[in-house]
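# A look at the structure
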Amino acid sequence: MVLSYLRNTWGELVDYFDNFLDDGRTFLRAKDHDNLLVDDENFSRSRKYFWSLSCLSEFILHINDAIHQWEASRDIWATSFDGFLTEESKEYIKDNNKLCDKLKALRDRMQQHHNNITALRDGLFNASAVMESRASTKLGENVKLLTFVSIFFLPLAFCTSLWSMSDSLFPLHILIYVIIFVALATYLIVFNLNTLVRLFSRAYESYKISLVTKMKSEKESEYWKRRGERFENFQFRPKAEVAKPSEWLLVGYALRRVGRWAGEGLVRGLSLGRKVRSEGEEDVTARSAEEDGGREMPGTAKKGLFKRMGRVGRRSGNGAADETTMP
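Conventions adopted
Residues numbered from 1 in each chain as written. Predicted model: local features only at pLDDT ≥ 70, side-chain atom pairs only at ≥ 80, totals over all residues. Heavy atoms only, no water. Salt bridge = Lys/Arg side-chain N within 4 Å of Asp/Glu carboxyl O. Helix = DSSP H or I, 4+ residues; strand = E, 2+ residues; numbered from the N terminus. Buried < 20%, exposed > 50% of the residue type's maximum accessible area, 1.4 Å probe, protein only. Axes fitted to C-alpha atoms, helices over the stretch in contact; angles between N-to-C directions. Parallel < 35°, antiparallel > 145°, perpendicular 65-115°, else oblique. Left-handed = near helix turned anticlockwise from the far one by under 90°. Contact = heavy atoms within 4.5 Å. Patch = residues over 30% accessible without salt bridge, like charges linked within 9 Å, V, L, I, M, F, W, Y side chains within 5 Å. Areas by Shrake-Rupley, 256 points an atom, 1.4 Å probe, with all protein chains shown as cover.

Our focus in this paragraph is the pattern of salt bridges. Tallying each qualifying case throughout the model produces 5 salt bridges. Of the charged contacts in the structure, one is a salt bridge between Asp15 and Arg109, with a shortest N-O distance of 3.4 Å. A residue pair is termed long-range when its members are at least 10 positions apart, and Asp15 in helix α1 (residues 2-21) and Arg109 in helix α4 (residues 87-163) qualify at 94 residues. Among the salt bridges present, the one from Asp122 reaches Arg121, with a minimum N-O distance of 3.6 Å. Asp122 sits in the partly exposed class, given a relative accessible area of 34%.

In C-alpha cells, the structure reads:
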C-alpha cells in the first residue's frame, strides 16, 4: 500500500514536470527553441530553471530513500524469515518489487529532466554571457570613438582657453601656429601611445635589472645587499610577447605607393613631351626642306620624312592600323 501510494504521488509530480518544462519537444518549433537561450528582464526562465533543479534534486533524493528502505526490508525478510513466509507474503513482496521498479523508472525520468534543465541553464548562461560581452565590446568601441573625437578638439579648446585669459599676454596672430603645433604633438603622442609605453617599459626594465644587480653587489651596506637578494627572487626576464606592428607602417606604405605612382606618371609625361617635341622638330625640318625647291633634301629631313611615311599603314578589316616600315 505504501509503495503504491508513493508511486501514484511521484507519478503525478513527474507528469506535472513533463507539462511544466516541455523541454523535450521544443526542437520541433525553431522559434521556441531559440527562445530558450534568451531571458527576460525579470529572469523568469532562470528562476524557473533554479526552482525545477531544486525540486527535482529533493524528489530524487526521497525516491532513492524509499527504494533503499524497501530493498533493505525485503533483504531482511528474505534472509531472516524465509521459512515463515506464506504464499500471500511472497505475492506481496513480488508486487512491491514491481512497484519499486516503477519508482526507479520515475526516478530515471526525474533524473533526465534534471539533466535537461542543467543543460538549458548552462546554455542560457553562456548565451547571456556572449550577448553581454558583445554589448560591452560595442559600448567600449563607442567610448573609444567619443574619446578620439574629444582628443581631436582638445588642442583647440586648450589653446583658445589659454588665449582667452588676456588679449595682451599672447599675440592673437600666433594663435593659429600654436594650435597647429599643439595639435600635431597631441595627435602624435596619442596615435603612438602603445609604442611609447612599450619603449618606456623596456627602458625601465633594463634600468631596474641593472640597479638590482648593483644593489645585490653592495659591499658597504648589508641592508641594501639583503634587499637586492630579495629582489633577485623575482625573475626580471623580458616578456616573450610579439609586439604588434605600428599603424604608421601602413601610412608609410600608402605614401610610398602614391609617390611611386606620381613618379611613374611624371616619367611618362616627360617621355611623351620629348617624343612630341622631337616629332615637331622633324616636321619643321621636313617642311623647310620641301620649300627649298630643287635643292637636295638634307639627311635629317629625309630621316624625318621616312619616319612619318613609315607610320602610314594599311587598314585591316577591323579598322586597326597595321604599321609598316619603309625600306
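Before going further, it helps to examine the packing of helix α6 (residues 193-216) against helix α7 (residues 222-232). Helix packing geometry: the angle between the two helix axes and the distance between the axes. Close contact between α6 and α7 brings their axes to 7 Å; oriented N to C, the two are set at 135°. When the interaxial angle is binned, α6 and α7 end up oblique. As for the relative orientation of α6 and α7, their crossing is left-handed in sense. Here Val212, Met215 and Lys216 of α6 come into contact with α7, specifically with Trp224, Lys225, Arg227, Gly228, Glu229, Phe231 and Glu232.

Below, the discussion takes up a nonpolar patch on the surface. On the surface, a cluster of nonpolar side chains totalling about 570 Å² of accessible area is made up of Ile189, Leu193, Leu196, Val197, Leu199 and Phe200. With respect to the helices and strands, Leu199 occurs in helix α6. In this structure Leu199 comes out as partly exposed when scored by relative accessible area, which is 47%.

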